[in-house]
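Listed here are the chains, written in short residue letters.
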Amino acid sequence: MRRTYPEGHGPVRYGPPLPGQGLPLLPGLSDVLAASAGRAGAEPAGGGPALLDAACGYWDRRGLPAGPDRVAASPGAPSLLLALTAAVGGDVLLPRPCAAWWTPQTRLLGRSAFHVATPAECGGVPDPYALLETVRRVRAEGGDPRLLVLSVADDPTATVAPPETVHEAVEAAVGEGLHVISDETWRDTLHQPLDTVFLSPAEMLPDEVTVLTDLSGPFLPLGWPAAVARLPGTPYGSALRARILDVLTALGARLADPIAAAAAYALAEPGEVTERLTAAARLHAAVAGAVHRAVVDAGALARPPRAGRHLYVDLGPLRDPLAGRGVGDAQELEDHLTARLGHPAPGGHRFGDDLAALRVRLSTGPLLGTTAQEREECLTSPSPLELPHVQRALTHLGVAFDELRDDAQRWEPPR
């Protein structure tokens, strides 16, 4: 009988974090944190005035106006999603695959999470027909689906859902009485922002959608947890926010003053922040494109990455050569590639995918170098893929996948 999670590989404690930036800390962020280091207090639950105002300005620049009474902040997206899930109540629907940190919040509350298939062209947003069928099946079995969590710019698949797909999925969800949480952590990391249309569900149906952004994705280091949510401007939205603040208070989930100051600085988007966002997106796009070519050339499957610092690879076509290396499921694939590549390569089961499917998320951050100088070079170089340390990292990754391709060719029967 195949194992699910062996000792030391639990689904929560060993779950993967967001893909790291792999880049030096912005001097401005470091200065703001240092200037606030003498403040030993914490923000009130839900965030203080300066942080909430900065969040409102951030969303206003993206066509999603809001006042401070419609915004809440917390020390990291998991605690904010937990509060939102508790406030909405009921069972939760999630796309398959989805961000690794979504499902544990639902399970922790004793709720049921139901995964819904995504369309062929993208991840992050459920297929509308599959969504409707899942809702009806859950209700027929006595469940109470009330919430859909989705991400237009997605972790783990690195895709950006087309506007028509977003429209269909959100309209189907709202038509069934579901509240929608749109995780927009990666919206500012589009690889081709001039050629990619990002449609927030809150632009479509603002009274039915809460927007969630984890600042540890594009803006802050992973070790500085901060997240913000924008709630509907309706009586329901006001009640939801009040309940969220109750939950955050009960959890003691308050932002430390220095982290709140850094978050407010980042959300205000001064020149160095926007320049870093643009440069980092361009860099990770180039590296993700090179990784995509390497894995596809080896015979694996992967959608072209469109956002973020990662891509999602299906090694199903290489199942036979992987079996020859003792790899038969996603956990074993994770173990094999993590050891072979020298950096984490979480299997698809971490993201709600089938354990038997040979899928894995690869991150681009570890390929940018091992020192601050090497990573800074990546940012400033007009041709980062030609830097020796990047070439070495890409060659090492390419060899690992080429070995599987060569094994697959040896498995092929003679013609």
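Quick caveat, the model's predicted, so the values are computed rather than measured. (Residues numbered from 1 in each chain as written. Predicted model: local features only at pLDDT ≥ 70, side-chain atom pairs only at ≥ 80, totals over all residues. Heavy atoms only, no water.)

Chemist: Please provide a residue-by-residue account of the side chain of His179, values included.
Modeler: The residue His179 is located in strand 5 (residues 179-183) in this model. Within the structure, the side chain of His179 is placed 3.1 Å from the backbone oxygen of Glu208, a separation counted as a polar contact. Among the polar contacts made by the side chain of His179, one reaches the side chain of Thr210 at a distance of 2.8 Å. Contact partners of His179, with chain neighbours within four places excluded, come to Val88, Arg146, Leu147, Leu148, Glu208, Val209, Thr210, Pro232, Tyr236 and Leu240. (Helix = DSSP H or I, 4+ residues; strand = E, 2+ residues; numbered from the N terminus. Polar contact = N/O pair within 3.5 Å; in protein donor to acceptor, adjacent residues only side chain to side chain. Contact = heavy atoms within 4.5 Å.)

Chemist: Account for the nonpolar core, naming residues and giving values.
Modeler: Residues Leu131, Leu220 and Ile244 are the most contacted members of the largest nonpolar core, which totals 88 residues. Residues Val287, Ala300, Leu315 and Ala400 belong to the second largest nonpolar core, which totals 38 residues. (Core = buried A, V, L, I, M, F, W, Y, C linked by side-chain atoms within 4.5 Å. Buried < 20%, exposed > 50% of the residue type's maximum accessible area, 1.4 Å probe, protein only.)

Chemist: Describe the side chain of Asp155, listing the residues and the values that go with them.
Modeler: Considering the arrangement of structural elements, one finds Asp155 in the loop between strand 4 (145-150) and helix 6 (163-175). Within the structure, the side chain of Asp155 is placed 2.9 Å from the side chain of Arg361, a separation counted as a polar contact. Filtering out sequence-adjacent residues up to four positions away, Asp155 remains in contact with Leu18, Pro19, Cys98, Ala99, Trp186, His310, Phe351 and Arg361.

Chemist: Summarise the environment of Gly46; cite the residues concerned and give the values.
Modeler: Within the fold, Gly46 resides in the loop between helix 1 (27-35) and helix 2 (49-60). Taking C-alpha positions, Gly46 is 29 Å from Ala280, a pair spaced 234 residues apart along the chain. When residues no more than four places from it in sequence are discounted, the contact partners of Gly46 are Leu52, Val71, Ala72, Ala73, Leu245 and Leu248.

Chemist: So what's going on with the packing of aromatic side chains? Residues and values would help.
Modeler: If you walk through the whole model with that rule in mind, you get four aromatic pairs. Taking 5.9 Å as the distance between ring centres and 80 degrees as the angle between the ring planes, the aromatic pair formed by Tyr58 and Phe219 counts as edge-to-face. A residue pair is termed long-range when its members are at least 10 positions apart, and Tyr58 in helix 2 and Phe219 in the loop between strand 6 (209-214) and strand 7 (227-230) qualify at 161 residues. Between Trp101 and Trp102, the aromatic rings sit 6.3 Å apart at their centres with planes inclined by 85 degrees, giving edge-to-face as the arrangement. Like Trp102, Trp101 is buried. Members of the aromatic cluster, connected to one another through ring pairs, are Tyr58, Trp59 and Phe219. (Phe/Tyr/Trp six-rings, centres within 6.5 Å; stacked < 30°, edge-to-face > 60°.)

Chemist: If you had to explain the sheet that holds strand 9 (residues 310-314) to someone new, which residues and values would you point to?
Modeler: Judged by pairing direction, the sheet is antiparallel, and its three strands sit side by side in the order 8-9-10 without closing on themselves. Strands with a single pairing partner mark the edges of an open sheet, and in this sheet they are strand 8 (301-302) and strand 10 (359-363). Taken strand by strand, helix 10 (residues 271-297) contacts strand 8, strand 9 and strand 10, and its axis lies near 10 degrees from that of strand 9. (Pairing = 2+ DSSP bridges. Axes fitted to C-alpha atoms, helices over the stretch in contact; angles between N-to-C directions.)

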